[in-house]
Amino acid sequence: MEQVLGHFQPNVLSVSKTTSDAGLRALCCVCVGVCLFIFAVRRNGTVFNQKRIKDEKTDLRMFAGLFASGCNDNEPEQKPVELKISFAGENPVEFTVGEQKRLAFTVTGDDLEGLTFAAEPDEALSGWTVVVSAGREGDAYAGALDVTASATPSETAVTLTVTDRNGKPWSATTPTLTAVQAPVTAIDLSRDGTANCYIVSEAGDYMFDAAVRGNGSGDDAAIALADGMKADWLWVTKGLEQEISAVSLDAGKGRIFFTAAGAAKGNAVIALADAAGEIVWSWHLWFTPEPRMVTYANGRVLLDRSLGAVGTTPGSAEAYGLYYQWGRKDPFCGGTAPETSATAFAQAAENSVVNPAFADTHAWKQESGAAVSTLEYAAAHPLSFLSNKGATGVYDWLAKPRADLWNTAKTCYDPCPVGYKVPDRDTWDDFADDQDRYVDGTSEWDGEKYGMTYIFGDLRDWYPTSGYRNRDKGNLAGLATTRTGHYWSNYRSGNTISCFYISKKLSTGKLLQPQSSSKSDAAYGYNVRCCRE
């Protein structure tokens, strides 16, 4: 933004020109006088009597002219000029890097005709630019220096040179000009703690801690930020390509910065990559109106929507969340129709955009085998749905399964936002009776909108049957005639993992299982409903 600085005490440079030719003229008068004397003597025959000059009158007239010319002290001479240059200020002027400001100046003097102006910054520094302009205003010149600061912090001054009509330069220098980094105004999403997911509900400039994995728990949670690392968005919900911009890593501050336009809802993932382009870690940005907290009869406080959902309207696809393999932080896009093994992730590819900067090595896909079934590979490939069939026929995304990746105490692999975690397994116990049947007035099945509403007092909390991703090929299932919903808990003991399972209400009143352990292999992709820690 341009800024015109107010006038302050002038910094004045004034020089007076004096030129005197009196001595020279006196000498000329003496010489001419001697010449006239000689001619006078000649005329009387005292000197040069050997030769007469025919036209003595002409000679005398000529020398008389020389005498008059040499002794006349009233000949016109160049008039001396005096100029005064006044700058607006004695105090240093501070710029933010790349900023432009206007510095005002005035020029006064006894002769303002034919003035020319030039200005330049300190030659010892680069990156500063200046443009000078000036115009006559009555008995003075009013001007301005449009100064643009360097792109990096530095210090300089600008010298203004005004040349008068006699060709004499007059110079004055501005106060010190300093370029500093712009103050950090971004909202710190990690100010109340770190997580693998941050909620963004309005437009603005944001940042979060890039030196911590998840919530920072565990010995391997710290990220060593090194030279050459960079951050960028990895994938976004289609339509959000312009929603997120200016993604960058400031390793000195340990923060990743980005700008949100605030015009759309959806999801995005930002990745931190090393100098070779390998992803070190990634974070989920959840662009949604701020979720409400809802309190259940058992005192548990949950968010009012599935993780990644952007709405809560029963029957709307906006209420469908993202899908997670048990123990992984990485979200997978879904859809509204079942897929076959051959068309797995077709809807994810259709409904999202992968950053071209990563597209050569990252895409929605399923990968199998022990070589890819590691924590390190999973972190470096957030779009790869991993599947490894164990000797007992159980599918896990790890070749060496671990039961501690999610827990009752939040871990660095937990996908929920700050202050929330994957729920404990008893969170939904009062939704069904001891025979896994729906309970009138507490859990109501909607056969038209395909889902269940939990009722507690005035609370109406919607759980859609948004299906799941299969454990072996990653294809979407549970979205056909027999609609199902699956919501992970943090409980695992060996190969037994607990989830909340919803299915179509049968004539017997079934099937609602608060702690289902069937079809709960860790390689499945289920929804998550985050619970307050």
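Treat the numbers as computed from the prediction; the structure is a model and nothing was measured. (Residues numbered from 1 in each chain as written. Predicted model: local features only at pLDDT ≥ 70, side-chain atom pairs only at ≥ 80, totals over all residues. Heavy atoms only, no water.)

1. Describing the state of the cysteines
Part 1 of the reasoning: A complete count under the given rule lists 1 disulfide for this structure.
Part 2 of the reasoning: Here Cys-197 is not cross-linked by a disulfide; its sulfur's nearest cysteine counterpart is in Cys-530, at 7.0 Å.
Part 3 of the reasoning: Of the residues examined, Cys-197 reaches a relative accessible area of 0% and is grouped as buried. (Disulfide = S-S within 2.5 Å. Buried < 20%, exposed > 50% of the residue type's maximum accessible area, 1.4 Å probe, protein only.)

2. A look at the confidence of the model for the chain
Part 1 of the reasoning: On average, residues of the chain score 87 in pLDDT, and 85% of them are at 70 or above.
Part 2 of the reasoning: Below pLDDT 50 for its whole length, residues 1-73 participates in 86 contacts with residues either more than four positions away or in separate chains. (pLDDT = per-residue confidence, 0-100. Contact = heavy atoms within 4.5 Å.)

3. Examining the sheet that holds strand β24 (residues 384-389)
Part 1 of the reasoning: Strand order in the open sheet formed by 3 strands is β23-β24-β25, and the pairing between neighbours is mixed. A strand with exactly one partner marks an edge of an open sheet, and here the two such strands are β23 (365-368) and β25 (395-396).
Part 2 of the reasoning: Here 2 bridges tie β24 to β25, and the two strands are oriented antiparallel to one another. Note that in β25 the partner of Lys-389 across the bridge is Tyr-395. (Pairing = 2+ DSSP bridges. Helix = DSSP H or I, 4+ residues; strand = E, 2+ residues; numbered from the N terminus.)

4. What to know about the side chain of Asp-304
Part 1 of the reasoning: With respect to the helices, strands and loops of the structure, Asp-304 is situated in the loop between β20 (301-303) and β21 (324-325).
Part 2 of the reasoning: Take Asp-304: its relative accessible area is 6%, and that puts it in the buried class.
Part 3 of the reasoning: Within the structure, Asp-304 has its side chain in polar contact with the side chain of Arg-305 (distance 2.9 Å). (Polar contact = N/O pair within 3.5 Å; in protein donor to acceptor, adjacent residues only side chain to side chain.)

5. Here we look at the packing of aromatic side chains
Part 1 of the reasoning: Evaluation of the coordinates by the stated rule reveals 29 aromatic pairs.
Part 2 of the reasoning: Judged by centre distance (6.1 Å) and plane angle (55°), the rings of Trp-281 and Tyr-413 are tilted. Taken together, the residues span a long stretch of sequence, with Trp-281 in strand β18 (residues 279-287) and Tyr-413 in the loop between β25 and β26 (420-421) at a distance of 132 residues. Both residues of the pair, Trp-281 and Tyr-413, belong to the buried class. (Phe/Tyr/Trp six-rings, centres within 6.5 Å; stacked < 30°, edge-to-face > 60°.)

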